Each structure stands twice: as C-alpha cells, then as structure tokens.
Amino acid sequence: MNSPSQQNTGTPVGRGSAAPARAADEAPVIDFDKFKPTRSHVAARKRKDLFMRVLIVLAFAIACIPLVSVLWTTLARGFRRLNWDFLSHNMTNVIGGNPTPSGGYGGILHAVIGTLEITLGAMVISIPVGVLCAVYLIEYAGKSRLADAIHLLVDVMSGIPSIVAGLFAFSMFALLAGPGTLNGFEGSVALSLLMLPTVVKTTEEMLKIVPNDLREASLALGVTKQRTITKVVLRTALPGIVSGAILAIARVIGETAPLLMTAGYIVSTNANLFSGQMTTLPVYVYQEYSKYRANCPADASDGCVTSIPMERAWSAALVLIIIVLILNVIGRVVARVLAPKKK
Amino acid sequence: MGQRIDIKHLNIYYGSFLAVEDVNLEIQANKVTAFIGPSGCGKSTVLRTLDRMHELTPGAHCTGEVLLEGQNLYGKDVDPVAVRRDVGMVFQRPNPFPTMSIRQNVLAGVTLNNRRIAKSDADDLVEWALRGANLWNEVKDRLDVPGIGLSGGQQQRLCIARAVAVHPQVLLMDEPCSALDPISTLAVEDLINELKQDYTIVIVTHNMQQAARIADYTAFFNLQAVGKPGHLEYFADTTTMFNNPQNVEAERYVSGHFG
C-alpha cells in the first residue's frame, strides 16, 4: 500500500508543517487532500467482492444442509407408516411387532390429542399472563424499580432449562395434589413457564413500536386509558402479538423432558387434561425410539415387523412437524388479516 | 358554540424543571388564537395544558388555573377524560388509527368509549363531521377504506373530523400544517376559518404568515435563554401584532430578526 503522503503530490505550496502562526480568532487552515480516500485498485476490489460473495453464499448453503437433511429424512422415513390407521388408533392391543386387529401397527391418536390439549392449556395460562405483564411494563411501569426487577426475572426465566420447569411443575403438583401426581395440566404448567418469557418479550417489543401518536390521539378524544390500551394499543399490536405467541408455541410443542416428568406416558387415549397420564408426540417418539426393535417370535405371522418402533417414531415426528407447520400458517394468516392495510 | 378560556398564573413543570412561567391569557370564544414564538419557548406545552394532555408525560404537572367558561380544568373533582371531550386536539403529524377505516376513524371518539351507536345515527355523524372537515366530497364513496391510505392533507382533515365528531367546545391545534404541502395547508387553513363559527380555536404555529392569515389574536411566547423557563411575552390582536407591536422582542421576532 502506498502511504497517503506519497500520493498527495498536488499539495498546494505554502500549506505544510511550516504553516504560519495564526491569530486567535482566525479559523484553522485545513489541508483537505489529507482526508481524501486513498485510491485502491479496481481489480483488487472486484476480487475482494467476489470472494466475499462466494463466502456468504457458502455460509448460507452450509446453514441449509442440516435443515434440508432433517426435513428430507423425516419425510422419507415418516411417510412409510403414515396412514389413516396410524392417525386413528392408539397403542393399545399392540403386541411386539405383530399387526393389530385393525390391520395396522398401533398409532398416535392419543399422542396427538395429548399434544394439542397440553399445548392449549399452556397457551391459556401463559398468553394472558404474558400479555398483561407486557402491558404493565410498557404502559404503566415506566422506569420503576419493579419494572427493572421484572425485566431481569423474565431474562432469567428465558434461560431456564426445560427440565427445571418440569421439576418445578412436578413438585408444585406434588405439594398441592399429593406426591407423584401426573396429569396433562401439570405438563401445561411446565410448558407455560417456558412460553411465558417469549410471550412477554415479543409483546413488549410490539407494544413499544405502537406510535405514541396513537395513544395521544385516543386520549385526546376523551377515551379512557383502559380503552385506549385495549382498543387502540393492543389492537394495533395484535398481529405481532399473535406471531409472538405462535413462536412461543412452536418452541414448547416439541418439549420432551418436562412432559415425561409431569404428564407421564400411557398407551391408551386420555382426553381429560386434569386427570390421568397423557402422552404427547415428542414423548411418544422418545418411547418408540427407546424400544428400538419389536419382538417377532419364530411362530409369528408374516406381518410381524421388527423395525416397527423406529418407523412409528419417524412417522410421529413427521406429524409433529406438520402440526407446527399448520400452526405457523394459521398464525401468518391471522396476522395478515389483522394487519393494518394501506389500501 | 365555542367557549372562552382564561389562563391565570399558569406555571408548567417537567419534573422539577419549570418549563413555562406565569402565563396569564384570555382566549376569546369563537375566535382563532395563535401561539407563536421561537423553538423551546413552551407554546406547545401551554397548549397541552389546556386539555390536560400535558400531565401524560411522566413527571409533568402544572400550577395555576385554566378556566373553561369559568370552570377550573384543574379543579379537584375534574376528570381529565371529561376535559378532553370538551377540548379536542389535532396534532402535528396526522395520526389516524391504522387499524380503522375512514368511517371508523370518525366514529372513534364514540365507539372507543363503548358507546353503541345506531347505524343511521353513525351515518349522519360521519357525514356531518366529514362535511365539517371539508373532506366529505373526497371520501364519500370510499368510507370503508383504511384512513392511512389517504394523502397527508386528507389524513389531517380526517383527524379534524375525528376531533369534531365528539363535539368539543374548543379545538386545539399543535402545528397542524407543518407536515403538509402548500395545497393541503390551504385546505386546512380554509377549514379553520369555517370552524371558528362553532369552536374556539387555539393554534400553535411556526409559520408567522399562517398566524397572520388565520388568527384573530396572537400570543407571542419567548424565553430568555436555553434552560430558562419560557413566558408569554406579548399578546395582542393579530393586526397589531404584525403591523404595530408594542413590544420590542415581539417586533424583532415578527420582523424576522430572530427565532
């Protein structure tokens, strides 16, 4: 690289280190040539540009590889056993790798019901609490100490390992409902602990970007603060709040560990969230994976499949992905319908 | 009909900082009163105390009296929400509710307060307010399109329609034309001239020509230095203010020597 001084051949005579001393009220003399950008070679710049472009595209491709791979593997393996029988039966009457009387190999009906109910329970707990908490923080708390404390707690909470949330719910129900209690709602409580910080944070961000102009416009019309918040602020932020809630659900719907501790695992269908153990899809996948192979005695029929547990696990995983996908689509549609339109 | 406002010994604070000092001013009913003055002198702050919007800023408060037709707005049992229904406000930037249509925006003052309104009443109110804001002919065929789809000047007139739809006695305007182009400004100024039949209007403006064009009275606010409180320097009818002001600072300001 050339040093700038070598390039400044056009420096005017008389401006250099030997500048004459100036009077106190005189502005300093500036040599603007010194600040000009140094000339870099066009070819070198183009090479650098190409290099960075390749690097960025490569990084993107690398990031995509695991994503595509996971999707592809789940699709390829999951489709094998995904049929109506699999979706409409639970795991009762499944013996080893033998087909059940209905002709299938057991199914996930009980796990789908469990997943939906437990996640719905978690939503019912965490969305109202989270949204109200964010409303308090943005609309009422200002810069109070309490608000700072809540912020800190929310940050800490978002880092809680899910197994800790499971332990908390388990011990809470042990205290309230007797030791060893396992039910679906207990799972909902554990999941809501994991959802809450996400809901609070996204709602807070959404409330922050509602322009203050709108609050003032509403208040200046003689509308009370409560109605300003519910009908103007929350209404304007609603699309973002919905997206945040969907994000939080997607985060917890695949949780396994806390549900193993709180909701347990059964093979039959239990639609009662508040009593009895409940299976969810991730737990089902885990249980099938831990079986690895099914028993097929020598006198078993031709229909007996030893690798059926792993095949069921993949199919259940695929169903879980599809459920998350459907939730995402619903969230996007709702957000789009509620969003302010220009035309 | 509009109502008069008497401001007596009004001191306005942000926390412990005295922003505006000892304002005494009589605002005549059904006239346009303009607040002018250099930046930071507190004219918007004074305006916001007239409908108790000032106290929404954390720590902001004021002492003294603001009498609307003799009744102190800062009296003990006065509900600020009720004050804001009697004293409407239009802001610097047009701020229609983005989730609402033109029609819903005009009705916002009624519907946001959970008041049910019959469809025929609503139709009449929307037409009345939009006609009052000189906007009816431009939007009557598309009342259900979002309010933020309109042009800036139309949005501002929509905001005026929204403000008059709650039928206030006084209309406060905080630099209502500073975000608008000259044509829209003209439309809003014409509208202000018509609105003073029914409302008392107080307008803050940075544009002295605008004050000269539309105001009946003009209040000149000033401050001695940055960090010092602002004060009401001179109050006169607009002709006197701009042609023959009896105040040195005001004379220098309106002739463009500072500010």
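The structure displayed is predicted, hence computed values, not measured ones. (Residues numbered from 1 in each chain as written. Chains lettered and ligands numbered in written order. Predicted model: local features only at pLDDT ≥ 70, side-chain atom pairs only at ≥ 80, totals over all residues.)

Considerations on the interface of chain A and chain B
Quoted interface sizes are often the accessible area lost when the parts come together. Across the contact, 21 residues belong to chain A and 27 residues belong to chain B. Contributing elements (two or more residues each) for the side of chain A that touches chain B: helix 8 (212–220) and helix 9 (225–252) of chain A. Here the side of chain A that touches chain B gets seven residues from one element, more than from any other, and that element is helix 8 of chain A. Here the residues of the side of chain A that touches chain B are counted per class, giving eight nonpolar, five polar and eight charged. (Contact = placed C-beta atoms within 7 Å. Helix = DSSP H or I, 4+ residues; strand = E, 2+ residues; numbered from the N terminus. Nonpolar A, V, L, I, M, F, W, Y, C, P; charged D, E, K, R; others polar.)

Comments concerning the UniProt feature "transmembrane region" (unreviewed entry) in chain A
Residue and element names in this part refer to chain A. The UniProt entry lists residues 50–72, 108–138, 150–176, 232–253 and 313–335 under the feature "transmembrane region" (unreviewed entry), expressed in the numbering used here. Counted over residues 50–72, helix gives 100% and strand 0%. Its end C-alpha atoms are 32 Å apart. Note that residues 108–138 is 97% helix and 0% strand, and that its end C-alpha atoms are spaced 43 Å apart. (UniProt positions renumbered as here; feature names shortened; annotations may be inferred.)

So, the domain arrangement of chain A
Residues and elements named next belong to chain A. Taken domain by domain, chain A comprises domain 1 (40–81) and domain 2 (84–338). The straight-line distance from the C-alpha centre of domain 1 to that of domain 2 is 32 Å. Contacts between the two partners involve six residues from domain 1 and, on the opposite side, nine residues from domain 2. Considering only residue class, the side of domain 1 that touches domain 2 consists of one nonpolar, two polar and three charged. (Domains from an automatic or database assignment.)

What about the sheet that holds strand 10 (residues 230–237) of chain B?
Hydrogen bonds along the backbone pair up the strands of a sheet, which may run parallel or antiparallel. Residues and elements named next belong to chain B. One open sheet accounts for 10 strands, arranged 5-4-1-2-10-9-3-8-7-6; its pairing is mixed. On the outer flanks of this sheet lie strand 5 (71–72) and strand 6 (87–90), each paired with one strand and no other. Note: strand 7 (residues 170–174) against strand 8 (residues 200–204), five bridges, orientation parallel. In the sheet register, Asp174 faces strand 8, and the bridge partner there is Val204. (Pairing = 2+ DSSP bridges.)

What to know about the UniProt feature "domain: ABC transporter" (unreviewed entry) in chain B
Mapped onto this numbering, the UniProt entry gives "domain: ABC transporter" (unreviewed entry) at residues 5–248 of chain B. Regarding residues 5–248 of chain B, the helix share stands at 34% and the strand share at 27%, and the terminal C-alpha atoms are separated by 27 Å.

A closer look at helix 6 (residues 162–177) of chain A
All names here are of chain A. With 16 residues, helix 6 should cover 22 Å at 1.5 Å per step; its first-to-last C-alpha distance of 22 Å lies within 8% of that length. Within the span of helix 6, buried status applies to Ser162, Ala165, Gly166, Ala169, Phe170 and Phe173. Take helix 6 and look down its axis: the buried residues cluster within an arc of 135°, on one side only. Those residues of helix 6 that are exposed and aimed more than 90 degrees away from the buried face are Ser171 and Leu175. Tucked inside the fold, the buried residues of helix 6 contact helix 7 (184–208) and helix 10 (257–262). Positioned one or two residues after helix 6, Gly178 has a phi angle of 105°, which is positive. (Expected span 1.5 Å × (residues − 1). Buried ≥ 20, exposed ≤ 12 C-beta atoms within 10 Å, placed from the backbone. Arc of directions from axis to C-beta.)

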